[in-house]
Amino acid sequence: MSVDPLERRRLGKTDVMVPVLGLGTAPLGGWPTAVPREQGVATVQRAWDAGVRYFDTAPFYGHGNSEGFVGAVLAAQPRESFTLSTKVGRLLVPGSGASELFAGTPPLEPVLDYSAEGTRQSLRESLDRLGLDRIDIAFIHDPDEHHEAALEGAFHALAELRAEGRLGAIGVGMNWSEPLARFAREAEFDCFLLAGRYTLLEQGALDELLPEVTERGMSIVAGGVYNSGVLIDPRPGAHYDYAPAAPEVIARAQALQAACAELDVPLRAAAIQFPLAHPAVASVVVGARTPQEVDDNLAMLAVDIPGELWDTLRERGLLRPDAPTP
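Parameters at a glance
- Residues numbered from 1 in each chain as written.
- Predicted model: local features only at pLDDT ≥ 70, side-chain atom pairs only at ≥ 80, totals over all residues.
- Heavy atoms only, no water.
- Salt bridge = Lys/Arg side-chain N within 4 Å of Asp/Glu carboxyl O.
- Helix = DSSP H or I, 4+ residues; strand = E, 2+ residues; numbered from the N terminus.
- Buried < 20%, exposed > 50% of the residue type's maximum accessible area, 1.4 Å probe, protein only.
- pLDDT = per-residue confidence, 0-100.
- Pairing = 2+ DSSP bridges.
- Core = buried A, V, L, I, M, F, W, Y, C linked by side-chain atoms within 4.5 Å.
- Contact = heavy atoms within 4.5 Å.
- Phe/Tyr/Trp six-rings, centres within 6.5 Å; stacked < 30°, edge-to-face > 60°.
- Lys NZ or Arg CZ within 6 Å of the ring centre and 35° of its normal.
- Arc of directions from axis to C-beta.
- Polar contact = N/O pair within 3.5 Å; in protein donor to acceptor, adjacent residues only side chain to side chain.

Draft legend 1. Here's a closer look at the pattern of salt bridges. One pass over the structure, following the stated rule, counts 26 salt bridges. Residue Arg216 pairs with Glu212 through a salt bridge whose shortest N-O separation is 2.8 Å. With Arg216 and Glu212 both in helix H6 (residues 209–216), this residue pair falls four residues apart, about one helical turn. Relative accessible area serves as the criterion here: at 33%, Arg216 is assigned to the partly exposed category. One salt bridge in this structure joins Asp322 and Arg320, with 2.9 Å as the shortest N-O distance. With relative accessibility at 43%, the residue Asp322 sits in the partly exposed group. Classification of Arg320 by relative accessible area gives partly exposed; the value is 23%. Where salt bridges share partners, they join Arg79, Glu80, Arg134 and Asp136 into one cluster.

Structure, rendered in structure tokens:
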């Protein structure tokens, strides 16, 4: 079967609806190489023209560049016609702009700040960069070693803004599922952006996070469905978690690719469609650096994948038996 990218799903118990496909904009921030403004804006515009109506960004992505590209397109559209998420936890302050992750960044540096006031300031500054008056979803960004600070400061500020009707949904965005499960137990979040941990390559989130959010009526936005590229083209040197993948990761991805090839299914089609089968997953946000990559993401959702593929992956130990499949 294939997936309709424009199908809309409810985010947790909120009134926020998200299409099953969103545009992830971390690559537009300049990973792994710089993205010129013209290219960045053209990529967002292509997503819009193709019908994409969910956009995820963050101040950290390109030290403001990503939000600027997104705003250049969305500020000209009717505000009720799209869903937008951004993140809090890093304020941009004047500096060298040097980044270990992003290229082509402006002279701004991200400084961690999970305080309530820092959270409100972050959202105000994001709105300025976006040229918009409202954000639909706010995620606390990567509070890996700052769990308590995120709960005591950022969560309370976001919860107040939600109660005031100025945010539709609040959550946490991380690369690890176990801390998100703890956030789900300890506070009234609506959703979580889980990057790279519920994919065709690895399904560890089935152990704790996905049952937790399902029980509590929360939702997952799945990011990193290509695991930084290794599920696009798993050759030696491919990226996994923003770094060159280890040989065993490459080998597993190549085994997945071989199984897909037997049924003439592109690996990336299986990768982009797989997470959406779990009832807790409302949307996948998939990155793109060019208009052509936007087109490819849409094409991969349209691929008709036979049920036989998922059976084969289970039989070969490449997919957990308890993982729901399309």
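More follows now that the structure is in view.
Draft legend 2. Representation of the confidence of the model for the protein chain in the model. Averaged over all residues, the pLDDT of the protein chain equals 97, while 100% of them reach at least 70. Within the protein chain, strand E13 (residues 243–244) has the poorest average pLDDT of any element, 92, and strand E8 (residues 137–141) the best, 99.

Draft legend 3. Representation of the pairing of strand E5 (residues 83–88). E5 sits mainly inside the fold: six of its six residues count as buried. The side-chain alternation of E5 yields two buried faces, one formed by Thr83, Ser85 and Lys87 and the other by Leu84, Thr86 and Val88. Relative to E5, strand E4 (residues 54–56) runs parallel, the two being bridged by three bridges. Residue pairing across strands places Asp56 opposite Ser85, the latter belonging to E5. Across four bridges, the pairing between E5 and E8 is parallel. If you follow Ser85 over to E8, its bridge partner there is Ile137.

Draft legend 4. Seen up close, the nonpolar core. Counting 93 residues, the largest nonpolar core has Phe55, Ile140, Phe189, Phe192, Leu200, Val230 and Leu231 as the members making the most contacts within it. Broken down by element, this core gets its largest block of residues, seven residues, from helix H4 (residues 147–163). Other than its neighbours up to four places away in sequence, Leu231 contacts Thr199, Leu200, Leu201, Val225, Tyr226, Ala253, Leu256, Leu267, Arg268 and Ala271. Counting 13 residues, the second largest nonpolar core, distinct from the first, contains Tyr54, Phe139, Cys191 and Val285.

Draft legend 5. Inspection of the packing of aromatic side chains at higher detail. In this structure the tally under the stated criterion is 10 aromatic pairs. Between Phe274 and Trp310, the ring centres sit 6.2 Å apart and the planes meet at 40°, which makes this aromatic pair tilted. Of this pair, Phe274 sits in the loop between helix H8 (267–273) and strand E14 (281–287) while Trp310 is found in helix H10 (residues 307–315), placing the two residues 36 residues apart along the sequence. Per residue, the accessibility class of Phe274 equals that of Trp310, and both read buried. A network of ring pairs unites the aromatic residues Phe155, Phe183, Phe189 and Phe192 as a single cluster. Over the aromatic face of Trp48 sits the side chain of Arg53, whose NZ or CZ is 3.5 Å from the ring centroid. Its guanidinium or amino end placed over the ring of Phe60, Arg90 lies 3.9 Å from that ring's centre, counting from NZ or CZ.

Draft legend 6. Region of interest: H10. Among the residues of H10, those classed as buried are Leu309, Trp310, Thr312 and Leu313. Mapping the buried residues of H10 onto a view down its axis gives an arc of 160°, with all of them on the same face. Along its buried surface, H10 packs onto helix H7 (247–262) and H8. Of the residues flanking the end of H10, it is Gly317, one or two places downstream, whose phi is positive at about 70°.

Draft legend 7. Structural view of the side chain of Lys87. When you line up the elements, Lys87 lands in strand E5. Among the polar contacts made by the side chain of Lys87, one reaches the main-chain carbonyl oxygen of Thr57 at a distance of 2.9 Å. Of the polar contacts made by the side chain of Lys87, one reaches the side chain of Tyr61; its length is 3.3 Å. Ignoring anything within four residues of it in the chain, the contact list for Lys87 reads Asp56, Thr57, Ala58, Pro59, Tyr61, Ser122, Phe139, His141 and Leu193.

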